[in-house]
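# Structure assessment
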Amino acid sequence: QVQLVESGGGLVQPGGSLRLSCAASGSIFSMYAVDWYRQTPGNQRELVATITSGGSTNYGGSVKSRFTISRDNAKMTVYLQMNSLKPEDTAVYYCRLDTGTYFTWGQGTQVIVSS
């Protein structure tokens, strides 16, 4: 079964940028869509962005034009480039592999946007 490991989170000032990575193990990675979600305490996970196996993308309304999702199947990695970060982007960010039959989640990476 595929395992996912997120990295790249940290503390950044408002207006700054971060790039998150979601590294997968397992050859089936390239066959399926991958999502980025985020979660703040007491709230449900919110879909941030999706990239299909073919590279089509979709974004949540609050991050459109600021975030970019991409994938490198050779490296079995999905990226989330986050620009113009705002304090309300503070959350734990998770990636999720969607096989259509089951989901696999990573452990999450914390992003804090604060001055």
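As a reminder, the structure under discussion sits directly above these lines.
Every value quoted in this text rests on a predicted model; they were computed, and no experiment measured them. (Residues numbered from 1 in each chain as written. Predicted model: local features only at pLDDT ≥ 70, side-chain atom pairs only at ≥ 80, totals over all residues. Heavy atoms only, no water.)

### Topic: the nonpolar core
Of all hydrophobic cores here, the largest spans 27 residues; its most connected members are Trp-36, Leu-80, Met-82 and Tyr-93. Elements represented by at least two residues in this core include exactly β3 (18-25), β4 (33-39), β5 (46-51), β7 (67-72), β8 (77-82), β9 (91-98) and β11 (109-113). (Core = buried A, V, L, I, M, F, W, Y, C linked by side-chain atoms within 4.5 Å. Buried < 20%, exposed > 50% of the residue type's maximum accessible area, 1.4 Å probe, protein only. Helix = DSSP H or I, 4+ residues; strand = E, 2+ residues; numbered from the N terminus.)

### Some points on unusual backbone geometry
Of note in the backbone geometry, Ser-65 takes a positive phi value of approximately 75° without being a glycine. Turning to its location among the elements, Ser-65 is positioned in the loop between β6 (57-59) and β7. Assessed through its relative accessible area of 77%, Ser-65 is described here as exposed. Of note, Met-76 is a non-glycine position whose phi angle comes to about 50°, a positive value. One can find Met-76 in the loop between β7 and β8.

### A closer look at the pairing of β9
Residues in a regular strand point their side chains to alternate faces of the sheet. In terms of residue burial, β9 counts as a mostly covered element, since seven of its eight residues are buried. Judged from the three bridges that link them, β9 and β11 form a sheet pairing that is antiparallel. Its bridge partner being in β11, Val-92 is matched across the sheet by Gln-110. Here three bridges tie β9 to strand β10 (residues 103-105), and the two strands are oriented antiparallel to one another. Along β10, the bridge assignment pairs Arg-96 with Trp-105. (Pairing = 2+ DSSP bridges.)

### Some thoughts on the state of the cysteines
In the structure shown here, the tally under the stated rule is one disulfide. Residue Cys-22 pairs covalently with Cys-95 via a disulfide, S to S 2.1 Å. Judged by the sign of its S-S torsion, about 70°, the cystine formed by Cys-22 and Cys-95 is right-handed. Taken as a pair, Cys-22 in strand β3 and Cys-95 in strand β9 lie far apart in primary sequence, 73 residues in all. Of the two residues examined, Cys-22 and Cys-95, each falls in the buried class. (Disulfide = S-S within 2.5 Å.)

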